[in-house]
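Architecture and fold: a report
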Amino acid sequence: MMVIRPIKASDWDALWDMAHKTGVGFTSLQPDEERVLAKLQWALESFDSPVALEEALYLFVLEDTTNGKVAGICAIESAVGLSDPWYNYRVNTQVHASRELGVYNKVETLTLCNDHTGYSELCTLFLLPEYRHSRNGHLLSKSRFLFMAEFPRRFSEGVIAEMRGYSDENGVSPFWEALGRHFFSVDFADADQATARSKVFVAELMPRHPIYLNLLPEEAQQVVALTHDATTPARKLLESEGMRFSGCVAIFDAGPLMESRIQDIRLVRESRYFKVHIDDEREPHGEPWLLANTKFHEYRCAMSKVAFCGNNIVCVTAEQADALRVDEGDTLRVVHLLPHRAV
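Below you will find a few notes about this structure.

Here is what the cut-offs are and how they apply
- Residues numbered from 1 in each chain as written.
- Predicted model: local features only at pLDDT ≥ 70, side-chain atom pairs only at ≥ 80, totals over all residues.
- Heavy atoms only, no water.
- Disulfide = S-S within 2.5 Å.
- Buried < 20%, exposed > 50% of the residue type's maximum accessible area, 1.4 Å probe, protein only.
- Helix = DSSP H or I, 4+ residues; strand = E, 2+ residues; numbered from the N terminus.
- Phe/Tyr/Trp six-rings, centres within 6.5 Å; stacked < 30°, edge-to-face > 60°.
- Axes fitted to C-alpha atoms, helices over the stretch in contact; angles between N-to-C directions.
- Parallel < 35°, antiparallel > 145°, perpendicular 65-115°, else oblique.
- Left-handed = near helix turned anticlockwise from the far one by under 90°.
- Contact = heavy atoms within 4.5 Å.
- Pairing = 2+ DSSP bridges.
- Salt bridge = Lys/Arg side-chain N within 4 Å of Asp/Glu carboxyl O.
- Nonpolar A, V, L, I, M, F, W, Y, C, P; charged D, E, K, R; others polar.

With that settled, consider the state of the cysteines. Scanning the model with the defined rule gives one disulfide in all. Covalently, Cys309 is tied to Cys315 through a disulfide, its sulfur atoms 1.8 Å apart. Handedness of the Cys309-Cys315 disulfide follows from its S-S torsion of about 130 degrees: it is right-handed. Of all cysteine sulfurs, the one in Cys74 lies closest to Cys123, which takes part in no disulfide; the gap is 9.0 Å. Take Cys123: its relative accessible area is 10%, and that puts it in the buried class.

With respect to the helices, strands and loops of the structure, Phe155 is situated in the loop between α3 (136-150) and β7 (158-162). Residue Phe155 is classed as buried on the basis of its relative accessible area of 10%. For the pair Phe155 and Glu204, spaced 49 residues apart in the sequence, the C-alpha separation amounts to 28 Å.

Our focus in this paragraph is the packing of aromatic side chains. Here the structure, examined in full by the defined rule, presents 20 aromatic pairs. Seen in terms of ring centroids, Tyr89 and Phe175 are 6.4 Å apart; in terms of plane orientation they differ by 75 degrees. Their pairing is edge-to-face. Of this pair, Tyr89 sits in strand β4 (residues 88-98) while Phe175 sits in helix α4 (residues 174-184), and the two are 86 residues apart along the sequence. An identical accessibility class is assigned to Tyr89 and Phe175; each is buried. A network of ring pairs unites the aromatic residues Phe47, Tyr58, Phe60, Phe147, Phe151, Phe155, Phe296 and Tyr299 as a single cluster.

This next bit is on the packing of helix α1 (residues 12-19) against helix α2 (residues 33-48). Close contact between α1 and α2 brings their axes to 11 Å; oriented N to C, the two are set at 135 degrees. Here α1 lies oblique to α2, going by the angle between them. The interaxial crossing formed by α1 with α2 has right-handed handedness. Two secondary-structure elements touch here, α1 through Trp12, Leu15, Trp16 and Ala19 and α2 through Glu33, Val36, Leu37 and Leu40.

A separate point is the pairing of strand β2 (residues 57-64). Where burial is concerned, most of β2 is hidden: eight out of the eight residues are buried. By the alternation rule, side chains of β2 split into Leu57, Leu59, Val61 and Glu63 and Tyr58, Phe60, Leu62 and Asp64, which are all buried. The sheet contact formed by strand β1 (residues 2-6) and β2 spans five bridges and is antiparallel. Following the sheet pairing, Arg5 is matched in β2 by Val61. Sheet topology note: the β2/strand β3 (residues 69-77) ladder contains eight bridges and is antiparallel. For Leu59, the partnering residue across the bridge sits in β3 and is Ala75. In this antiparallel pair of consecutive strands, β2 and β3, the connection spans four residues, and Gly68 shows a positive phi of 75 degrees.

Let us now look at the pattern of salt bridges. Charged atoms that come close allow side chains of opposite charge to pair. Within this structure, the stated rule accounts for 16 salt bridges. Taking the shortest distance from any N to any O, the salt bridge between Glu239 and Arg235 comes out at 3.1 Å. Here the residue Glu239 and the residue Arg235 both occupy positions in helix α8 (residues 232-240), the gap between them amounting to four residues, near one helical turn. Judged by its relative accessible area of 29%, Glu239 falls in the partly exposed class. Given the relative accessible area of 17%, Arg235 is considered buried. When the shortest N-O distance is used, the salt bridge between Arg282 and Asp279 registers 4.0 Å. Among the residues examined, Arg282 registers a relative accessible area of 41% and is labelled partly exposed. A residue is classified by how much of its surface remains accessible, and Asp279, at 17% relative accessible area, is buried. Several salt bridges converge on common partners, so that one network encompasses Lys142, Glu241, Arg266 and Glu270.

A few words now on the pairing of β4. The pairing of β4 with strand β5 (residues 103-113) spans eleven bridges and is antiparallel. Each bridged residue has a counterpart across the sheet, and for Arg90 the counterpart in β5 is Thr111. Between the antiparallel neighbours β4 and β5 lie four residues, among them Gly102 with a positive phi of about 70 degrees. In this structure, β4 lies alongside strand β9 (residues 244-249), joined through two bridges in antiparallel fashion. Within β9, the position partnered with Arg90 by the bridge is Cys248.

Attention now goes to the packing of α3 against α8. Two elements in contact, α3 and α8, have axes separated by 10 Å at closest approach and are oriented at 45 degrees. When the interaxial angle is binned, α3 and α8 end up oblique. Where α3 crosses over α8, the two elements pack in a sense that is right-handed. Between α3, through Gly137, His138, Ser141, Lys142 and Phe145, and α8, the contact on the second element is made entirely by Leu237, Leu238 and Ser240. Of the residues that constitute the contact of α3 with α8, the class distribution is three nonpolar, four polar and one charged.

Written out as structure tokens, the structure is:
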């Protein structure tokens, strides 16, 4: 089985290995040992703290229980922008008109903003290439919503996800070349490594006045709010659950910022509690469901076909119960994996 669980200190080697595979533009996990160690320590402290941290990082791994291999990672930050400012560009429209000259032009501009300060953030989603099948990406991405549904007081009412922006096959971002390079004089890959440490200095050096998009090269204009090819499936998953483009883009590569209220997410709205009945004889059927226990430190989430055996009772096998860390009579939060199939 494939199971989501909180990261452990012993997962360091797997986390460090994935940091070398994420690629340029994946700002939240780059092969910087100091930063990756800090991320792991932050996550461990967030799960171990007796009280909810104001700025917590809940980092999860996707484990293949057949061989114990870590196949992917995903995370939630409880609140962004409380210690360091959280910058984005808001895409605005300005009208330049003259009745006398018969001119009416609408021009898009980019303006630095901190509109999403305090929002919770979905981040650091990465799945090893050899596991990109069998809807493992669905499990990895969507398991976070069930965790937020179970522990809502640890998160903001609003949630965002900053999507990786477009860069070409050589790792070059047209947006960075047209704008950021003029203020930093470094390549996109070098800037990406620097922003893995802090995005604040990027914003500090960027122009404070609105940027007129029509003054940028055409190739830069075309990639504003465009998602990197490798990140497009993740964006579609979020959109299928109710997240939408916020009107803001990343200051670094102009990747789109998705947003929603947590309570408006389909998985949160439709998930229901079921009591566990362990039965190896009953045949599961139909489409897969997401199953998550209600434990914090021992959180587990899996995807499987199941059988429903009575009023608010879900039948699972002994193997599933063991993977989910539940016993007979325990509670599971259950929701259909795909939209439009409520429990």
